[in-house]
Amino acid sequence: MNLFYTPDIDCTTSSNYLLNEEESKHCLRVLRLVEGDTVHLTDGKGTLFKATIVIPDVKACLLQLVERFDHWESRPYYLHIAVAPTKNADRYEWMVEKLTEIGVDEITPLIAARSERKVYKTDRAQRIAVSAMKQSLKAQLPLIHSTISFEELINRPFDGVKLMAHCGEGVRVSLKEAMATSPPSKETPRCLILIGPEGDFTPQEVALAQVKGFTPIHLGNSRLRTETAALTAAAGVYLLAQPSTQD
C-alpha cells in the first residue's frame, strides 16, 4: 500500500483529488506509479481512501476516489501522553516516531520542575509523525501540542483515567492495575499518562498530581529513560486494550 497524507481531502464535494507538487513528484518519480495504479490517502483523522491515478502530472497528479474506509484500524482506547522533553532533541523525535507507530491520540511536551529543556519546538516532530503514520500505514495522526507547564496540565479537565509514572517513594500500582479503574460503561477507555524528565518528578509534583486525581504508577523494575518510559507506557496500554480471544 502506498499511503499519502491529504489533510484537506473532502469527498463530499468531489470524487477527484489533486496531490500537491511534493506528493505528486514522490508518487510518480520516486514510486514510479503510472496511470491506473492504485494509491491510498488519509486525512490523518482515521479515514482512509482508495484512489486511482487518472492524470499522472508531476506537479498536480489527479486521482479518482473509488472507496472510503471510516475508522480505519481504529484502536479501542484513547491515549494522551504528556512527556517532558529530553535534553537531546533527537531522542524526543525518535519517541514521537515510535509513539505514532504504536498509536496515540495526543502528545504533549511537559515542562516539569527538573526539566533540563524548557523550550521545545514541535515543527520537526510534526513532520516526523506524518512520516511515521504513512510508513506504518495508519490513518490516525497524533495531535502534537505546544509545550505546557506541569501545573497547567494537571489542572486541565480530563474525562478518563489519569496516571503519573515516577520512580520515587510512595505507593505505586502497575499500569494494568491502574487501567482496570477505567469505568466499564465507557465504550472507549480514555487515559492520560504523565512521564517526567531525566531527573524524574519532584515529590511535591507527585503529591500535587495526586490531589488532582492522578494515580501514581510504575512501569516495572527497570530504570527507564524518559523516551523509553513513554514507549513502554504506550505499548502497555496497547496490549492491555486488545480484546481477549478464546480458542
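That block above? That's the structure.
Trainee: Would you mind going over the side chain of H166 with me for this structure?
Mentor: Residue placement: H166 occurs in the loop between β10 (161–165) and β11 (173–174). On the basis of relative accessibility, which here comes to 5%, the residue H166 falls in the buried class. One polar contact links the side chain of H166 to the main-chain amide nitrogen of G168, over a distance of 2.9 Å. Residues in contact with H166, not counting those within four places in the same chain, are R172, D200, F201, V206, P216 and I217.

Trainee: Hey, could you run me through helix α7 (residues 226–240) in this one?
Mentor: Between its first and last C-alpha, α7 extends 21 Å over 15 residues, near the 21 Å set by a 1.5 Å rise per residue. Inspection of α7 places T226, E227, A229, A230, L231, A233, A234, G236 and V237 among the buried residues, and these make up the whole buried set. If you follow the buried residues of α7, they end up packed against β6 (78–83), α2 (89–102), α5 (175–179) and β12 (190–195).

Trainee: Even after reading the chapter, I still don't get the sheet that holds strand β5 (residues 62–69), so can you show me in this structure?
Mentor: Backbone-to-backbone hydrogen bonds join strands into a sheet, with any given pair of strands oriented parallel or antiparallel. Taken in spatial order, the five strands make up an open sheet running β1-β3-β4-β5-β2, and their pairing is mixed. Two strands in the sheet have a free side with no partner beyond their single neighbour: β1 (3–5) and β2 (16–18). Taking each pair of neighbouring strands and ignoring which way they run, the sheet shows an average axis angle of 40 degrees. Inspection of the sheet shows strand β4 (residues 48–55) paired to β5 by seven bridges, in the antiparallel sense. Among the inter-strand pairings, I55 is bridged to a residue of β5, identified as L62. Lying on the sheet, helix α1 (residues 21–30) is in contact with β1, β3 (38–42) and β4; it crosses β1 at an angle near 170 degrees. Contacts between helix α3 (residues 123–135) and the sheet are confined to β1 and β3, with β1 contributing the most and set at about 155 degrees to the helix.

Trainee: Any chance you could explain unusual backbone geometry here in plain terms?
Mentor: Across the chain, the bulk of peptide bonds are trans and the bulk of non-glycine residues have phi less than zero. Even without being a glycine, E73 presents a positive backbone phi close to 45 degrees. Within the element layout of this structure, E73 appears in the loop between β5 and β6. Its relative accessible area of 59% is what places E73 among the exposed residues. Backbone geometry at D200 places phi at a positive 70 degrees, although glycine is not the residue there. Examined against the element boundaries, D200 turns out to sit in the loop between β12 and α6 (203–211). A relative accessible area of 15% means that D200 is categorised as buried.

The rules we used
Residues numbered from 1 in each chain as written. Predicted model: local features only at pLDDT ≥ 70, side-chain atom pairs only at ≥ 80, totals over all residues. Heavy atoms only, no water. Helix = DSSP H or I, 4+ residues; strand = E, 2+ residues; numbered from the N terminus. Buried < 20%, exposed > 50% of the residue type's maximum accessible area, 1.4 Å probe, protein only. Polar contact = N/O pair within 3.5 Å; in protein donor to acceptor, adjacent residues only side chain to side chain. Contact = heavy atoms within 4.5 Å. Expected span 1.5 Å × (residues − 1). Pairing = 2+ DSSP bridges. Axes fitted to C-alpha atoms, helices over the stretch in contact; angles between N-to-C directions.

Geometric descriptors of this kind do not, in isolation, establish any biological role.
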